[in-house]
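Residue-level structure breakdown
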Amino acid sequence: MPNDFVSVIKPSATKSENTGESSGASRAIPVLPVRDTVLFPHAVLPLTVGRESSIQLIQSLGEEKSILVVAQRDARQDSPLAADLYSVGTRATVHKVVKMPNQSLFVFTEGNERVKMGEFTQLTPFMTAEYEVIDEAEPGVSPEAEALQRNVVSQFQNIVTSSPTLSDDLQTIAINIDEPGRLSDFIASSLPFLTTTDKQELLEMPNVTARLERINKHLAKELEVQQLRNKIQSEVQDSVQQSQRDYYLREQLKAIQKELGDLDDTQKDIADLKEKIENAGMPDEVKKDALKELGRLSRMNPAAADYSLTRNYVEWLAVLPWAKTSSSEVDILKAKEILDEDHYGLKKVKDRILDYLSVRRLKPDMKGPILCFVGPPGVGKTSLGRSIARALDRKFSRISLGGMHDEAEIRGHRRTYIGALPGQIIQHLKRVEVKDPVFMLDEIDKLGRDFRGDPASALLETLDPEQNNTFRDNYLDQPFDLSKVLFICTANQLDTIPGPLLDRMEIIELTGYTEEEKVNIAIKYLIPRQTKENGINPDLIEFPQESVHLIARHYTREAGVRKLEQQIGTVCRKLARRIAEGKDTKLVITPEIVHEFLGGIKVRVDTEIAERTKRSGVAVGLAWTPAGGDVLFIEANKMKGKGGFTITGQIGDVMKESMQAALTWVRSNAAALGLDEDFTKDTDLHIHVPAGAIPKDGPSAGVTMATALVSLLTDTPVHPLTAMTGEITLSGNVLPVGGIKEKFLAAKRAGVRDVILPKDCKQQVDEDLTPDQIEGVTIHYATRIEDVLAVALPKTTSELVQDEEVREEVLHATV
């Protein structure tokens, strides 16, 4: 839409005749809103009128050519209302209207007098309003007033003289104006540097003396700005002349060297390095040092011992991405699609990444977060890093920290050493060629340390957003900004990570998958990938869901899906061999084919629980491991003896103390449990935790041990397919424990139907487990050991019979 535009020309030399109403009259006349301009009395202005309402206004004028010209408060509004206009404008006379080819009108107007807007009597198709003429307070004749007027004229002349855009005729006109009011209006309308707000403020000043003083201030400020501009221009010109002189002399020197044949490869390399340094966008201090080293290099003999060392250093400075970024606009919905496409589930991780992307979109200069993915092997930590880089449309680089034990691997060696290089951080930045990549620091929990230093301590600076904007590599010895890098660390456990380093990272836990999640991941990702990697046409293989369930349940025992993918890969390789032997018919992977390709069932966890809990004294606990959760059998037995208590199974001190606490509680509550109070007098007890080669520790098996003891001493087998976890106290309270999600998923993988948890762990269950994961398992919460026993042990003969039926059903249902 065309904008109403105004250019100021000189006011008429003689005072214009006022047409229309006399001072104080209040007749409604049309109102013409204008953008970014103010019309002063006695000024003639050409207006370009483009708005439909404004065109109708001009066309409606008859013999009476008076209009009110009022500035808009906001120039961006295309259809201003009465409230959008200033309250003071100018009554003007339209002298001439010219129709332009683009249907807009070119209108010549002359300002007559200041007016205050009154009531608006019409709003469409154009506005009309009543007005009141503002009388000007002319100053009396005094030396002060004359001095002020002369000073204004003098400053205005200086500005016109030094300005390339203002006509010299303006000086003559200003000198010939005697009235202070007209002079102030003329100068205000002639100054291009005054803003619309400044001009409107001058228009609204009826006091001529105050108006002259305000204009005097504006003129004094503009004179000062012009003087500074002239000074800067003079300095720049001197500098340019010096630069041109230096350039001319260098070009002459090059020409002389060329004629003499002195221009060798060394000078070419120096010139190339200088160009790279100039274009690298490095900070001024770094650039100064780089050029200093380059100058030193240019004066060195190429045969000198440290020539190559200096050259390598300058090259490293020149090729690093000091200012180069990915600088792509982040599409949140596209990033979500990519994350969902690459990984199944992991809602909490994806939400955190999308939150980061959303903040980065609102604040592009934000510092990159330091994320740490913690979880068992095979849950997709490393591949998630690649997916995040793809979603961000950034370069990706992976640094493996496993087994790293030299601090110089992170920070680099000092240049004084032979063969010195920057650390891994700077080397990878050089490879990706941008300063804001996604860096994955893999296996951060497996960092080593020895006499050469501690890499974990070197990472304290790297992984701190408040410090890494001035990361100083030992080799470069220059600050490099790592704050735009998105660091993602991965770990299997947090115990081995030093506290200060752990404190700098935002921990995001990736727990294991349920069997249903594994099956979905296999169908969506693993089977297509293994089919492609083994060269099999997808039309020649069909993997029913039943067979994937079979492989996940009975051929793998893990929290992740790495073993599952290996087993699917084995099936694909067997099929590839059949195809290579000429059997190229489509094969449906039935359970029988799975047994044929993978052999007999490897894992029988569900039947194992039903089988081993047949006898009394056996209870199923839940344990957390770095590879995810697992079920843990606690076996208790008794024999004739003298009250001895034996503990075996490579047990740690904390677990031994839990066993002692469980036995003490049972002995102190013997009567309530239907036992003789001195039942240990002629009986030895033995508690064993199978898988004796694996060290075990922690208090979370306390309730399981107490249940196993009560089951043994009352000769009551525990309910089949029931597992539990929780710490026990001497008074019989059940305290909360950690790793609830991993333990629960392990129980579900093992076919457990009832899980007993401490009541204080309910919040963890609500936050970390989804309804799909809980489905099929009943959770019982306990605050006392009596609550655990009430759920774990049958109380009637009918319950014992029912338990036996369940056991037989599980044992005979398994293939």
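The structure presented is a predicted model; accordingly, all values stated were derived computationally and were not measured. (Residues numbered from 1 in each chain as written. Predicted model: local features only at pLDDT ≥ 70, side-chain atom pairs only at ≥ 80, totals over all residues. Heavy atoms only, no water.)

Assigned secondary structure in the protein chain consists of 28 helices and 25 strands. Relative to the 2.2 N^0.38 estimate, which gives 28 Å for 815 residues, the radius of gyration of the protein chain is 43 Å and therefore markedly larger than a compact globule would have. Its C-alpha atoms give the protein chain principal-axis dimensions of roughly 130 × 85 × 65 Å. When the 815 residues of the protein chain are sorted by exposure, 48% land in the buried category. Taking the contacts inside the protein chain whose residues are at least 6 apart along the sequence as the reference set, 75% of them involve residues at least 24 apart. Summed over its atoms, the accessible surface of the protein chain is roughly 40400 Å², and 50% of this surface lies on carbon and sulfur atoms. Within the protein chain, the 123 negative side-chain charges are centred at a point lying 4 Å from the centre of the 100 positive side-chain charges. (Helix = DSSP H or I, 4+ residues; strand = E, 2+ residues; numbered from the N terminus. Rg over C-alpha atoms; globule rule 2.2 N^0.38 Å. Buried < 20%, exposed > 50% of the residue type's maximum accessible area, 1.4 Å probe, protein only. Contact = heavy atoms within 4.5 Å. Areas by Shrake-Rupley, 256 points an atom, 1.4 Å probe, with all protein chains shown as cover. Lys, Arg positive; Asp, Glu negative; His and termini not counted. Charge placed at Lys NZ, Arg CZ, Asp CG, Glu CD.)

Attention shifts here to the nonpolar core. Counting residues in hydrophobic clusters, the biggest one holds 53 residues, and the most contacted among them are F373, I388 and F543. Among the elements that line this core, the one with the most residues is helix 17 (residues 515-533), at six residues. Dropping the residues within four chain positions of it, I388 is found in contact with L339, I353, F373, L486 and I488. By size, the runner-up hydrophobic cluster in this structure holds 49 residues, among which are Y313, W322, I426 and A456. (Core = buried A, V, L, I, M, F, W, Y, C linked by side-chain atoms within 4.5 Å.)

Right, let's get into the sheet that holds strand 13 (residues 486-491). Strand order in the open sheet formed by five strands is 9-10-13-8-14, and the pairing between neighbours is parallel. Strands with a single pairing partner mark the edges of an open sheet, and in this sheet they are strand 9 (396-400) and strand 14 (506-509). Averaged over all pairs of adjacent strands, the angle between their axes in this sheet comes to 25 degrees, without regard to strand direction. One ladder, built from five bridges, connects strand 9 with strand 10 (residues 438-442); its direction is parallel. Each bridged residue has a counterpart across the sheet, and for F396 the counterpart in strand 10 is V438. (Pairing = 2+ DSSP bridges. Axes fitted to C-alpha atoms, helices over the stretch in contact; angles between N-to-C directions.)

A few words now on the packing of aromatic side chains. Counted under the stated rule, the structure contains five aromatic pairs. A centroid spacing of 5.3 Å and a plane angle of 90 degrees characterise the contact between F106 and F108, whose relative ring orientation is edge-to-face. Residue F108 is classed as partly exposed on the basis of its relative accessible area of 25%. Considering the side-chain rings of F156 and F186, the 6.2 Å spacing of their centres and the 75 degrees angle between planes classify their relative orientation as edge-to-face. Here F156, found in helix 2 (residues 143-162), pairs with F186, found in helix 4 (residues 180-190); they are 30 residues apart in sequence, far enough to count as distant. There is no split in this pair, since F156 and F186 are both buried. Its guanidinium or amino end placed over the ring of Y313, R415 lies 3.7 Å from that ring's centre, counting from NZ or CZ. Stacked on the ring of W316, the Lys or Arg K430 has its end atom at 4.4 Å from the ring centre. (Phe/Tyr/Trp six-rings, centres within 6.5 Å; stacked < 30°, edge-to-face > 60°. Lys NZ or Arg CZ within 6 Å of the ring centre and 35° of its normal.)

Quick look at helix 14 (residues 424-432) now. Helix 14 sits mainly inside the fold: seven of its nine residues count as buried. Within helix 14, burial applies to Q424, I425, I426, Q427, H428, L429 and V432. One or two positions beyond helix 14, positive phi appears at E433, with a value near 65 degrees.

Looking now at the packing of helix 18 (residues 545-554) against helix 20 (residues 591-598). Where helix 18 meets helix 20, the closest approach of the two axes is 9 Å, and the angle between their N-to-C directions is 40 degrees. With respect to each other, helix 18 and helix 20 are oriented oblique. Crossing hand, helix 18 versus helix 20: right-handed. Two secondary-structure elements touch here, helix 18 through E546, S547, L550 and I551 and helix 20 through P591, V594, H595 and L598. Its residues assigned to classes, the contact of helix 18 with helix 20 comprises five nonpolar, two polar and one charged. (Parallel < 35°, antiparallel > 145°, perpendicular 65-115°, else oblique. Left-handed = near helix turned anticlockwise from the far one by under 90°. Nonpolar A, V, L, I, M, F, W, Y, C, P; charged D, E, K, R; others polar.)

The next thing to look at is a nonpolar patch on the surface. Taken together, the side chains of L228, I232, V236 and V240 make up a nonpolar region of the molecular surface, amounting to roughly 340 Å² of accessible area. Mapped onto the elements, L228 comes out in helix 6 (residues 208-260). (Patch = residues over 30% accessible without salt bridge, like charges linked within 9 Å, V, L, I, M, F, W, Y side chains within 5 Å. Salt bridge = Lys/Arg side-chain N within 4 Å of Asp/Glu carboxyl O.)

In this section: helix 23 (residues 702-713). Here helix 23 is 12 residues long and its end C-alpha atoms lie 17 Å apart, about the 16 Å a rise of 1.5 Å per residue gives. Most of helix 23 is tucked away, with 12 of its 12 residues classed as buried. Positive phi appears at D715, one or two residues downstream of helix 23, with a value of about 55 degrees. (Expected span 1.5 Å × (residues − 1).)

What follows is about the confidence of the model for the protein chain. Averaged over all residues, the pLDDT of the protein chain equals 82, while 94% of them reach at least 70. The low-confidence segment residues 1-25 (pLDDT under 50) makes 65 contacts with residues lying over four places distant or belonging to another chain. (pLDDT = per-residue confidence, 0-100.)

Moving on, we get to the environment of E805. Along the chain, E805 falls in helix 28 (residues 797-813). Taking the C-alpha atoms as reference points, E805 and T128, 677 residues apart in sequence, are found 95 Å from one another.

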